[in-house]
Every structure is written in C-alpha cells, then in structure tokens.
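So you can see what is in the structure, the chains are spelled out below.
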Amino acid sequence: MKHARVIFEGREHTGIAHEFNGQADAAVRLDDGRVVPQEQLVWLPPLAPSPRPRTILALGLNYADHAKELEFKAPEEPLVFVKGQSTLIGHRQHTHRPAGVQFMHYECELAIVVGKTAKNVKRADAYDFIGGYTVANDYAIRDYLENWYRPNLRVKNRDTCTPLGPWFVDAADVPDPMALALKTTVNGTVTQQGSTRDMIFDVPFLIEYFSRFMTLSPGDLILTGTPDGVVDCEPGDVVICEIEHIGALVNTIDAA
Amino acid sequence: MSGNPHFMPAGTVYGTLLNFRAEFEALAPQMTQLPYKAPPKAPVLYVKTVNTWSPHGSAIAMPSSVSEVEVGASIGMVIGAEGDVEGFVLMNDLSIPHASFFRPPVKFKCVDGFLGIGPALRDAQEVADPAHFHVEVRINGALKQSIDFSQLVRPAQQLLADVGEFMTLAHGDVLMLGCDAGRPLARAGDRIEISAPGFEALSNTLVQEAAA
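To keep things clear, this report deals only with the structure shown in the data block.

## So, the packing of aromatic side chains
All names here are of chain B.
Piece 1. Applying the stated criterion to the full structure yields 13 aromatic pairs over all chains.
Piece 2. Relative to F133, the ring of F88 lies with its centre 5.1 Å away and its plane at 70°, an arrangement referred to as edge-to-face. Within this pair, whereas F88 is found in strand β7 (residues 85-93), its partner F133 is found in the loop between β9 (122-123) and β10 (134-139), the two being separated by 45 residues in sequence.
Piece 3. Looking at F133, the relative accessible area reads 5%, which means it is buried.

## Focus on helix α3 (residues 156-164) of chain B
What sets the pattern is the α-helix's 3.6 residues per turn: residues three or four places apart point alike.
Piece 1. For α3(B), the full list of buried residues reads B:A156, B:L159, B:L160, B:D162 and B:V163.
Piece 2. Tucked into the core, α3(B) has its buried residues touching β1 (13-17), β2 (44-48), β6 (73-79), β7 and β12 (174-176) of chain B.

## Examining the pattern of salt bridges
Piece 1. Scanning the entire structure with this criterion turns up 21 salt bridges over all chains.
Piece 2. With a shortest N-O distance of 2.8 Å, A:D32 and A:R34 are connected by a salt bridge.
Piece 3. The partly exposed category is assigned to A:R34, whose relative accessible area is 33%.
Piece 4. In this structure, the salt-bridge partner of B:E23 is B:R183, at a minimum N-O distance of 2.4 Å. Within this pair, whereas B:E23 is found in helix α1 (residues 21-31), its partner B:R183 is found in the loop between β12 and β13 (185-186), the two being separated by 160 residues in sequence. Accessibility classification places B:E23 together with B:R183 in one group, the buried group.
Piece 5. If you follow the salt bridges from partner to partner, you end up with A:K83, A:E107, A:D138 and A:K156 in one network.

## Some thoughts on the sheet that holds strand β9 (residues 93-97) of chain A
Residues and elements named next belong to chain A.
Piece 1. Spatially, β9-β19-β18-β15-β16 is the arrangement adopted by the five strands of the open sheet, whose pairing is mixed. Pairing within the sheet leaves two strands with one partner each, and these edge strands are β9 and β16 (189-195). Taken over all neighbouring pairs, the strand axes of this sheet differ in orientation by 25° on average, direction set aside.
Piece 2. Pairing of strand β15 (residues 181-186) with β16, which is carried by six bridges, proceeds in the antiparallel orientation. Among the inter-strand pairings, K183 is bridged to a residue of β16, identified as Q193.

## Quick notes on the interface of chain A and chain B
Piece 1. In this assembly, 30 residues from chain A lie in contact with 41 residues from chain B.
Piece 2. Summed over both partners, the interface of chain A with chain B buries about 3,200 Å², with 61% contributed by carbon and sulfur atoms.
Piece 3. Of all residues in chain A, A:N147, A:W148 and A:Y149 bury the most surface against chain B, accounting for 31% of the area lost on that side.
Piece 4. Between chain A and chain B we count two salt bridges in total.
Piece 5. The partner of B:K107 in a salt bridge is A:E77, and the shortest N-O contact between them spans 2.7 Å.
Piece 6. Applying the counting criterion to the chain A and chain B interface returns 17 residue pairs in polar contact (both at pLDDT 80 or more).
Piece 7. Elements with a minimum of two residues in the side of chain A that touches chain B: β7 (79-83), α2 (153-156) and α3 (203-213) of chain A.
Piece 8. Examining the composition of the side of chain A that touches chain B, we find that four residues originate from one element, β7(A), more than from any other.
Piece 9. The residue makeup of the side of chain A that touches chain B, split by class, is 15 nonpolar, seven polar and eight charged.

Conventions and cut-offs
Residues numbered from 1 in each chain as written. Chains lettered and ligands numbered in written order. Predicted model: local features only at pLDDT ≥ 70, side-chain atom pairs only at ≥ 80, totals over all residues. Heavy atoms only, no water. Phe/Tyr/Trp six-rings, centres within 6.5 Å; stacked < 30°, edge-to-face > 60°. Helix = DSSP H or I, 4+ residues; strand = E, 2+ residues; numbered from the N terminus. Buried < 20%, exposed > 50% of the residue type's maximum accessible area, 1.4 Å probe, protein only. Contact = heavy atoms within 4.5 Å. Salt bridge = Lys/Arg side-chain N within 4 Å of Asp/Glu carboxyl O. Pairing = 2+ DSSP bridges. Axes fitted to C-alpha atoms, helices over the stretch in contact; angles between N-to-C directions. Buried area = accessible area lost by both parts, 1.4 Å probe. Polar contact = N/O pair within 3.5 Å; in protein donor to acceptor, adjacent residues only side chain to side chain. Nonpolar A, V, L, I, M, F, W, Y, C, P; charged D, E, K, R; others polar.

Okay, here's the thing in structure tokens:
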C-alpha cells in the first residue's frame, strides 16, 4: 500500500494512492472515501507525526560513481550526517534557492523508514526492522561547504531543502530494495539515473551499522545517498526524483 | 517523580562547536591546514539525536569499546513559540573523544544516552544576560572544570542570529551555546555533576555497557 498525508479543504487527512483518469497513483483516496487528484492536495511528508523529533540520518558518497564525480575516493565507512525535522517538506512543494549562490543540486535518495525499535540488529535480520520506504530529495547548496563537520548544516539542513514523498510505501510491497531504478528529471530532461544496487553500503549494512551505537525508533529515517548526475538548479526548475515501486517526488525551486 | 517530571526537549537538540575562545584558539594553528583549509565562517553545528537524551539522575552506559568519555558541559537555549528564547537548561553533552572535526561526529556524539538534560528549565525572564552564566563540572565531587560564558565567540543572541541565517529553530528546539576547552574525561563508575548559580544541578553516573 502507498500511504499519503495531505491537507484538503483545510483539514489534514491520511489516504492511499488511487488511479485517476487511467493513471495509477494520480489521485489519493482520502480517509473519508473521497478521491482527489494529486494537484488539488497540499502534500505533507508521508510520516505520522511523532511525539518526539524523529532521527533523520543521511549518507554522503554512498554510490561509487557519485564519490568519483565529487573527486573523493569511496569511503571506508559510512559518511553520515544528521538532519533536523524543520528541513522536511512534502511532495509538490517549493524549495528555496538562496540569492547569489552558484551551485545548488538535488539528490534523489531511497529513504528507509524504521518500523520498530532497532538496537544491535544483525545484518541478516535488518529487513525485519524496516516499516517502509519513501523518496527523499536531499538538496545541497555547495557554495556553503566548509570542512568542519562536513557536510555542514548550512549546506544540508536548510528549511524546505529536504522534500519527502509522495508516498510511504509498506516494506512488504517493495520486492527488492537493493534493485530499484532511480531517476531525476529537471524540467522533463533526465539528468540523473542509477540503481540502488550500486550503493557502497547497502540497506541491511546501514541498519546494522547505526543500530550498533544508537537505538533507532519507529518513524526514524535513513536517507541512503545518491548516484552520479547532480546538476545546478535555478528558480522555476521543476525537479522530479523517481524511484521504481516507490514513487515520483515533484518539487519546484523558487527564489528565497 | 510524578507531578514534577524532568524537563525534556520537544524538538531537535543542536550542539555548537568552537564557540568558546579558548577552544577556538587551541585549534587555530590547524585551521588553515588540511583537512580544514580555512577557519569556519558559519556556526559549526551538530545534532544530539533523541536516542542520546538522558534525564537528570539516570545512569549513562558507555559502549564496551570505550574506556573514557569527554564531558561537554553546556547550557541549551530552548526556543519559544515566537522564535525567542523561552528558557535555559544545563546539558551534559558527552562525546567519544575524537581528534578530527572534518566529518560529522555521529558515531562519537549520537551514542545512546550521551546527552544528560536538565533537570529543570530556567525561565528566560530570570536571566539578564547569558554571558553571566558560570558553570562548574565536578566528577565524584572534585571540581574539574569552570566555564565562564562571557568567553563565547558568538554570544547567545549573535549565535541565534547567525544560525537563523540558514535554518529556522522551531518551538521546542534547543541550541547549545558550546563547550569550552579543557573538557574533563570520565570513566565508568564516575558521577558527573554540572551546576550553575540559579540552576538545579544536573547529575549523571557512567556505567560500562556489557560487551555485546
């Protein structure tokens, strides 16, 4: 099942993906039974509100080709950073490009949503702890990179700079998370293509790695990194990050 | 503790590196060298994830692979509904000691239990100027560090303004003012007490986690 969290007619609803005009997932069937086309909804990150802030872990340089593109050798252990909740926005929302910057790029990423409390999980059991998946677009503003706790929060933790969605897809509905095609288009032109099979540290590894020193809780997120092919985006650009079986996350850049 | 629960943050807790003059000056000779290449321009922040939060009085487990942890006594600014500072709280920001500040410190700072909090929020109305804060760290009763918050590189309001340039601190978020140089090390069995005039003291004990 593909779950959404949306606002319609001023009220928050949950819903599930629904066919519309012959297109799969083009609408949402709301919790009250109404079917509403995607563009009539205000989309929220597809995660139930949590009483405490969720932990949002993100991987840098987790695809060999992206590591090469950025002139780094592939890391020997995961390059991890943490994001705050205020950076998250939903599908079909706007992301701000600060004035005067030279290079702001998207990063299409498979996002793992933790399904149950995970501590000291072994690789072989890792999938039992995953509730589902969604698509993240983990924007970076490279002008602000500094070599202190890099990637620093001014690059990676800005308001509106982590679109998430459209759907939370139950883990049971994703046949093999390590063989999903990823694709990004900017204004309809394909700029980034890859497969989750090219991750350096795969999903079971990451669950084992993190849960060795930190307890993961339901709703926590792991953003698993992005493949080669990131390009600069300007105000007005429409960026669509799509992952096979998960969904197509639409986002528009605007001027801050 | 029914009726008077310990303070716990409602939002994200951010720590600040290099915000004390002595801490900054100690690193200054390396700042123009690899891997840093230049001194930081913007505040250097990190996140203390929810799994790190330990209430006052609780035991904090050290991973079996670690024999000592660094005590990072600090004061957190708790953000109010209007984006103002609602109050201040003592924090024990523990780290596994690490020499490089090049990559994010997740495995050194986001270990389960590695942030002592509280016990109580001090209302911002009572505080004339955070530069007057004076914090003491005691381990097993012996004074190990004395921290003078007039020595901040970015005083409280400046830090808030500079962080606000690139991200919004939401209601319930906490921004720590930083940890000074000379952070004491502590071991399993130690009792760490962090105190400051006007605040209820924060104490935690360290215990060794059994080998997995």
